[in-house]
Amino acid sequence: MEANNLNPDKWIDLYADYLFNYAVTRVSDAEIAKDLVQDTFIAGLKSAKNFKGDAAERTWLIAILKRKVIDHYRKINSKKGKAEIRMSYSSQTDAEGDWLEERIADPNSNFENDALENEELGLAIQNCISKLPKKQAQVFTMKTIEGMETEDICNALGINASNLWVMIHRARTGLMGCLNQNWF
């Protein structure tokens, strides 16, 4: 194949099965794998002008697919965390529990407008955070309280996203236990 010469008309016939097998082994879901392969072909078409011909067409498409798989897991992980701990701590709602982060940040909540109770909760949370292992407290504070992006936290602390989410889960579990014992 000549340098800088792509043949998108034959991609499906030549590479679809290979790319699908590659994707399905990484995401373990055939439908998601099909979507990722489709996204790969679309991205390949959009960035065809960037193809230098240094690698084979299939190698170039695999590199695009690898990024699509990574993006898929980043998207999943960015949705994690808000669905990990439910706590029942308010008699002012019919819900069985509310997300801790949403309750703290919700300016329309009657719960937060009760200054004394809000101050007590804030002190209880800070007290419980101080009892967490240092790294868990740091990660929880950066992500949940300061609202930093996952990638920024990972870069700052030299950890990967999976490790970050494990630490956040452990911090939330520890906070829930501490708050249930000391505040609720």
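Here the residue index of a chain counts from 1 through its sequence in written order. At least 70 in pLDDT is required for a residue's local features to be given in this predicted model, at least 80 for side-chain atom pairs to be given and counted, and no such filter applies to totals for whole chains, interfaces and linings, which use all residues. As a rule here, side-chain values cover all heavy atoms of the structure and leave hydrogens and water aside.

Per an unreviewed UniProt entry, the protein goes by the name RNA polymerase sigma-70 factor (ECF subfamily) and belongs to Maribacter caenipelagi.

*Asks:* So what about the pattern of salt bridges? Which residues, and what values?
*Replies:* Salt bridge, as used here, is a side-chain nitrogen of Lys or Arg placed within 4 Å of a carboxyl oxygen of Asp or Glu. Scanning all chains against the criterion turns up two salt bridges. The partner of D71 in a salt bridge is R74, and the shortest N-O contact between them spans 3.7 Å. Taken together, the residues D71 and R74, both in helix α3 (residues 57-79) and three residues apart, mark about one turn of the helix. Throughout this description, buried means an accessible area under 20% of the type-specific maximum (1.4 Å probe, protein chains only), exposed means over 50%, and partly exposed covers the range between. With a relative accessible area of 40%, D71 lands in the partly exposed category. A relative accessible area of 51% means that R74 is categorised as exposed. Under the scheme used here, helices are H or I runs from DSSP no shorter than 4 residues and strands are E runs no shorter than 2 residues, and both carry numbers assigned from the N terminus.

*Asks:* A description of the state of the cysteines should follow, citing residues and the corresponding values.
*Replies:* Cysteine sulfur atoms are paired as a disulfide whenever they come within 2.5 Å of each other. If you walk through the whole model with that rule in mind, you get one disulfide. Each disulfide pairs two cysteine sulfurs, and for C128 the partner residue is C178, the sulfurs being separated by 2.0 Å. Its S-S torsion of about -80 degrees marks the bond between C128 and C178 as left-handed, since a negative value means left-handed. Residue C128 is found in helix α6 (residues 115-131), and its partner C178 is found in helix α9 (residues 161-182); the two are separated by 50 residues along the sequence.

*Asks:* So, helix α1 (residues 11-27): which residues are in play, and what are the values?
*Replies:* The α-helix winds at 3.6 residues per turn, so residues separated by three or four positions along the chain end up facing the same way. Axes are fitted to the seven residues ending at a residue and to the seven starting at it; the angle between these axes is taken as the bend at that residue. Largest kink in α1: about 25 degrees, centred on D17. Taken as a whole, α1 has its buried residues at W11, Y15, A16, L19, Y22, A23 and V27.

*Asks:* Which residues make up the packing of aromatic side chains, and what values go with them?
*Replies:* Working definition: a ring pair exists when centres of Phe, Tyr or Trp rings (six-membered ring for Trp) sit within 6.5 Å. Plane angles under 30 degrees give stacked, over 60 give edge-to-face, the rest tilted. By the definition in use, this model includes three aromatic pairs. Centroid distance W11 to F41: 6.0 Å. Interplanar angle 25 degrees. Geometry classified as stacked. Of the two residues, W11 sits in helix α1 while F41 sits in helix α2 (residues 30-46), which places them 30 residues apart along the sequence. Assigned by exposure class, W11 and F41 land together as buried. A connected cluster of aromatic rings, assembled from ring pairs, spans W11, F41, F51 and W60. Our definition puts a charge over a ring when NZ of Lys or CZ of Arg is within 6 Å of the ring centre and also within 35 degrees of the ring normal. For R26, the ring lying beneath its charged end belongs to Y22, and the centroid distance is 3.6 Å. A cation over an aromatic ring shows up here: R58 above the ring of Y18, its NZ or CZ 3.8 Å from the ring centre.

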